[in-house]
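# Overview (structure and organization)
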Amino acid sequence: MNPAHSSLAVPRHRSWPACRQCWGVALDMGSARTRVWLAGRRTIVDVPTVTFPGSGAEYPIRRGAIVDTAGTARMLDRLLGHRLPRLVRPLVVVTTPVLDGIAYRAAARAAVAVLRPRSVLTVPGARAIALGAEADLTRPLLVADIGAHLTEVVLLADGAVMDARRTSLGTGDLDSAAPAEIGEAVVAMVTAMVRQDRTSLMRDALGRGVLLAGGGALWPEITHRLGDRLHAPLRPVPAPHTAAVRGAARLLKAAHGHPAVIGAPPPHPPDPA
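Figured I'd write up the structure that's included with this text. (Residues numbered from 1 in each chain as written. Predicted model: local features only at pLDDT ≥ 70, side-chain atom pairs only at ≥ 80, totals over all residues. Heavy atoms only, no water.)

## Things to note about the overall build of the protein
- Within the protein one finds seven helices and 14 strands.
- Here the protein, with 273 residues, has 54% of them falling under the buried criterion.
- When contacts within the protein are restricted to residue pairs at least 6 apart in sequence, those whose partners lie at least 24 apart make up 68%.
- Roughly 12,200 Å² of accessible area belongs to the protein as shown, and the carbon and sulfur atoms make up 52% of that amount. (Helix = DSSP H or I, 4+ residues; strand = E, 2+ residues; numbered from the N terminus. Buried < 20%, exposed > 50% of the residue type's maximum accessible area, 1.4 Å probe, protein only. Contact = heavy atoms within 4.5 Å. Areas by Shrake-Rupley, 256 points an atom, 1.4 Å probe, with all protein chains shown as cover.)

Here it is, written out as structure tokens:
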């Protein structure tokens, strides 16, 4: 469960497509739960990430990786096929892990093809969380997303990913790992990022506090350990389970209107479906 690390340069990106009249879908597909927001709806669909190809259940997404693209497509078809009007080609916004994102994005686009999308846009999960929490993206921000089977710590600057770490450990492992172990994994990632930072971004971000999302943000045993060890304010986001899909929904709404509503477009450029 060694943390992975990447220092990420900010790529050039294209403008988002205008899509004022089309249907839209915001997707946050995790290894345990998949959350969906449909344009024009007031509720978020929240279901297990599971498919049933035969006699038993199979889990097509594991620890931040789509391991069964066809299974993911079947899950999306079952979940959304009856919710989208016939002959509609929706605009789809998908959250992705920051690390190993290229493989995930390719698999996600292949799976989402079952919805016949007009276009598929991707956004790093940490940025989506920050948008869902309505955080100030003009200043350095540290996001810790403690999910069921994957935990990411990401440094954002002007909304772009500057550094990121991850560990294949989450709240779904609490039957074999203590909450303190998850907390210590986050502390270790943050500490390593501070040591490697050659600017003041990490220290500025820690001064603002750590934005906490995912199910781990609701575990006092984890948050208390982080508070004691990091000596930095903790900022659990409201409804931390759904912060990422709410942020993706904001991006979707902006694409339906004008990108200036929320600032610059995400680092992942849109690819035509």
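Still to come is the rest of the account.
## Side note on the packing of helix α4 (residues 179–196) against helix α6 (residues 220–230)
- Across the interface, α4 lies against α6 with an axial gap of 8 Å and an inter-helix angle of 35°. As α4 packs across α6, the resulting crossing turns out to be right-handed. Counting all contacts with α4, which are made through Pro179, Ala180, Ile182, Gly183, Glu184, Val186, Val187 and Val190, the residues of α6 involved are Glu221, Ile222, Arg225, Leu226, Arg229 and Leu230.
- A breakdown of the residues in the contact of α4 with α6 according to their chemical character gives nine nonpolar, one polar and four charged. (Axes fitted to C-alpha atoms, helices over the stretch in contact; angles between N-to-C directions. Left-handed = near helix turned anticlockwise from the far one by under 90°. Nonpolar A, V, L, I, M, F, W, Y, C, P; charged D, E, K, R; others polar.)

## A short note on the pairing of strand β2 (residues 24–29)
- The element β2 is extensively covered by neighbouring structure, given that six of its six residues are classed as buried.
- Alternating positions in β2 separate into two faces, Gly24, Ala26 and Asp28 on one and Val25, Leu27 and Met29 on the other, with burial throughout.
- As judged from the four bridges shared by β2 and strand β7 (residues 91–96), these two strands associate in the parallel manner. Within β7, the position partnered with Leu27 by the bridge is Val94.
- As paired strands, β2 and strand β3 (residues 33–38) are joined by five bridges and run antiparallel to one another. The residue of β3 that forms the bridge with Val25 is Leu38.
- Taking the residues between adjacent antiparallel strands as the criterion, β2 and β3 are bridged by three residues. (Pairing = 2+ DSSP bridges.)

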